[in-house]
Amino acid sequence: MPSAPSPSLWRDHDFRCLWAGQTASQFGAQAGQVTLPLLALVALNADAAQLGALRAAQQIPILLFSLFVGVWVDRWRSRNVMVLADLGRAVALGVVPVAFLLGVLGIPVLLVLAFLVGVLTVFFDVAYQAALVRLVNREQLAQGNSALEGSRSAAQVGGPALGGALVSLLSAPVAVVTGAFFFAVSSLSIRRIRHREAIPTPPYGGRSAPRMGRQILEGLRFVARDPSLRAVGIASALFHFFFAALMTVYLLFLPRTLQLSGAGVGLVLAAMGPGAVVGSVLAAGLPRRLGHGVVLVSSAVLAEGVMLFVPALYGSGGLTIAALMAINFLFGVFSQLVDVTVMAVRQSITPLPIQGRVVATLNFAGMGLTPLGSLLGGFLATGWGPRTSLLLTVVGLFLSPVFMALSPLARLGKELPAPGGTA
């Protein structure tokens with residue numbers, strides 16, 4: 001007999017709490033992408049190298065802690081991890097205006113706080129992706145991913161614009177508190193999840209679970225042995241390394257080369273959000289119509305291609321801002337197509353007991369080099385200037401779709417791959 005259709009997730013109290021909390025958390029994180037760099041540039045007069053170091057401090061926890069966090073999330077209840085992570089991020093950002101008023105806020109203090117926020121972000125990001133798989137049925141994953149990615153897209157619209165506007169209207173230290181507010185709301189919402197999730201553990205023949213080192217190796221081996229997951233990790237590493245360099249230069253290029261205001265910077269960055277919304281909608285049907293491999297490779301090429309127009313722009317007038325918004329909109333469309341398609345492939349292949357470790361392993365492989373990319377961006381901008389550095393980093397982005405075109409990802413068909421073997 002055919003199984004009954006799964007009920008709508010919007011009737012599920014626990015999913016609504018997860019979605020609301022993740023949405024608030026994404027708004028806090030997206031606002032911080034603007035407020036912290038602008039705080040360093042405007043209030044602390046940071047140079048290119050210091051801005052690169054700040055972004056690296058936010059990102060290096062991915063390299064240092066992702067693999068360990070993956071094991072912890074597989075052992076703990078994801079609800080508790082998310083609640084504590086966002087409470088910690090709210091407290092860390094709340095320290096910024098206090099330190100500023102006391103006259104002790106400098107680049108070293110900001111680096112420490114950025115590092116702490118980065119550590120807690122690793123916990124939250126791994127936990128919320130594992131939480132969805134534990135809360136909903138396999139048949140509801142597409143609906144759940146669509147809702148969560150939609151909230152992330154909405155945050156990409158509102159977060160940077162809100163952060164940039166608050167920096168212009170109030171001050172950079174006060175604007176940082178916006179992120180703390182959103183993280184506090186997220187923690188309160190996720191705390192209302194009633195489901196006492198069962199922590200999935202693989203069978204060990206009556207023996208206790210292996211030590212952390214062995215469990216980390218299980219996640220690494222699973223990703224390394226699966227051709228598609230291995231290709232995802234390498235392609236993601238290439239993209240995020242050069243994208244980190246690009247964004248460091250971009251955040252210098254907008255206010256200092258083009259002379260955009262804080263509100264202008266926020267408006268330009270926010271344009272990625274509507275594009276991501278469109279990309280999420282397209283991702284619901286295009287992979288099944290054209291094939292997952294075709295969508296991955298072609299979308300990545302188009303996303304990187306539109307960024308080639310950025311270094312050619314001059315001035316701070318309305319035409320320049322409109323062009324930047326159009327470029328970011330298209331980048332949001334195509335990059336979101338890649339993100340959602342990759343997430344569906346990863347969730348389909350990975351067995352439930354190691355979802356956390358596989359997410360963490362791919363985050364480690366894909367984003368572990370972002371601190372070096374941010375430092376590279378600061379180095380390039382110092383020696384070559386923002387405009388030339390933008391062109392160099394965009395060219396580097398094309399290594400990711402080139403690798404995907406030569407990998408098993410390009411051969412993925414219209415149906416998602418079946419779950420892999422055990423770890």
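What counts as what
- Residues numbered from 1 in each chain as written.
- Predicted model: local features only at pLDDT ≥ 70, side-chain atom pairs only at ≥ 80, totals over all residues.
- Heavy atoms only, no water.
- Helix = DSSP H or I, 4+ residues; strand = E, 2+ residues; numbered from the N terminus.
- Rg over C-alpha atoms; globule rule 2.2 N^0.38 Å.
- Buried < 20%, exposed > 50% of the residue type's maximum accessible area, 1.4 Å probe, protein only.
- Contact = heavy atoms within 4.5 Å.
- Areas by Shrake-Rupley, 256 points an atom, 1.4 Å probe, with all protein chains shown as cover.
- Lys, Arg positive; Asp, Glu negative; His and termini not counted.
- Charge placed at Lys NZ, Arg CZ, Asp CG, Glu CD.
- Expected span 1.5 Å × (residues − 1).
- Salt bridge = Lys/Arg side-chain N within 4 Å of Asp/Glu carboxyl O.
- Phe/Tyr/Trp six-rings, centres within 6.5 Å; stacked < 30°, edge-to-face > 60°.
- Lys NZ or Arg CZ within 6 Å of the ring centre and 35° of its normal.
- Arc of directions from axis to C-beta.
- Polar contact = N/O pair within 3.5 Å; in protein donor to acceptor, adjacent residues only side chain to side chain.
- pLDDT = per-residue confidence, 0-100.

Things to note about the overall build of the protein chain
- A count of helical and extended segments in the protein chain gives 17 helices and zero strands.
- For 423 residues, the compact-globule estimate of 2.2 N^0.38 gives 22 Å, and the protein chain sits close to it at 21 Å.
- Each of the three principal axes of the protein chain carries a C-alpha extent, and together these read 65 × 45 × 40 Å.
- Within the protein chain, the proportion of its 423 residues that are buried is 56%.
- Taking the intrachain contacts of the protein chain between residues at least 6 apart in sequence as the baseline, contacts between residues at least 24 apart amount to 88%.
- Total accessible area on the protein chain stands at roughly 17,500 Å², and carbon and sulfur atoms take up 69% of it.
- Distance from the positive charge centre (28 side chains) to the negative charge centre (14 side chains) of the protein chain: 3 Å.

Thoughts on helix 3 (residues 78-101)
- Counted at 1.5 Å a residue, the expected span for helix 3 with its 24 residues is 34 Å, and the 36 Å between its end C-alpha atoms agrees.
- Downstream of helix 3 by one or two residues, glycine 103 has phi in the positive range, about 80 degrees.

A look at the pattern of salt bridges
- The tally for this structure, following the rule as stated, stands at three salt bridges.
- As a salt-bridge pair, arginine 214 and glutamate 218 come within 3.9 Å of each other at their nearest N and O atoms. Highlighted residues: arginine 214 and glutamate 218, both in helix 7 (residues 212-225), separated by four residues, approximately one helical turn.
- Looking at glutamate 218, the relative accessible area reads 7%, which means it is buried.
- The shortest N-O distance in the salt bridge between arginine 357 and glutamate 218 comes to 2.6 Å. With arginine 357 in helix 14 (residues 355-367) and glutamate 218 in helix 7, the pair connects residues that are 139 residues apart, well separated along the chain.

A short note on the packing of aromatic side chains
- Applying the stated criterion across every chain yields a total of 11 aromatic pairs.
- Ring centres of phenylalanine 68 and tryptophan 72 lie 6.5 Å apart, and the angle between their planes is 35 degrees; on these two criteria the pair is classed as tilted. Of the two residues, phenylalanine 68 and tryptophan 72 are both situated in helix 2 (residues 48-75); the distance of four residues between them amounts to about one turn of the helix.
- Look at phenylalanine 68 and you get partly exposed, because its relative accessible area is 36%.
- Taking relative accessible area as the criterion, tryptophan 72 reaches 25% and is therefore assigned partly exposed.
- Looking at arginine 387, its charged tip hangs above the ring of tyrosine 314, at a distance of 3.7 Å from the centre.

Things to note about helix 10 (residues 272-283)
- With 12 residues, helix 10 extends 16 Å between its outermost C-alpha atoms, agreeing within 8% with the 16 Å of an ideal straight helix rising 1.5 Å per residue.
- What helix 10 keeps buried is the set Met272, Gly273, Gly275, Ala276, Gly279, Ser280 and Ala283. The buried residues of helix 10 occupy an angular sector of 155 degrees when projected down its axis, which confines them to one face.

Focus: the environment of leucine 64
- Looking at the secondary structure, you find leucine 64 in helix 2.
- Accessibility expressed as a relative area gives 40% for leucine 64, which makes it partly exposed.
- For leucine 64 and phenylalanine 242, which are 178 residues apart along the polypeptide, the C-alpha to C-alpha distance reads 19 Å.

Details of unusual backbone geometry
- You will see that asparagine 45, though not glycine, has its phi angle at about 55 degrees, which is positive.
- Checked against the element boundaries, asparagine 45 lands in the loop between helix 1 (13-43) and helix 2.
- Of note in this structure, glutamine 259 is not a glycine but carries a positive phi near 60 degrees.
- Checked against the element boundaries, glutamine 259 lands in the loop between helix 8 (227-257) and helix 9 (262-270).

Examining the environment of alanine 224
- With respect to the helices and strands, the residue alanine 224 is situated in helix 7.
- When the C-alpha atoms of alanine 224 and valine 249 are compared, they prove to be 33 Å apart, with 25 residues separating the residues in sequence.

Topic: the side chain of glutamine 59
- Within the secondary structure, glutamine 59 is located in helix 2.
- A distance of 2.5 Å separates a polar atom in the side chain of glutamine 59 from a polar atom in the side chain of serine 374.
- What glutamine 59 contacts, discounting residues up to four positions off in sequence, is Ala244, Thr370, Pro371 and Ser374.

Some remarks on the confidence of the model for the protein chain
- On average, residues of the protein chain score 83 in pLDDT, and 90% of them reach the 70 mark or higher.
- Here residues 203-207 is a poorly scored stretch, pLDDT under 50, and it has five contacts once near neighbours within four places are set aside; other chains count.

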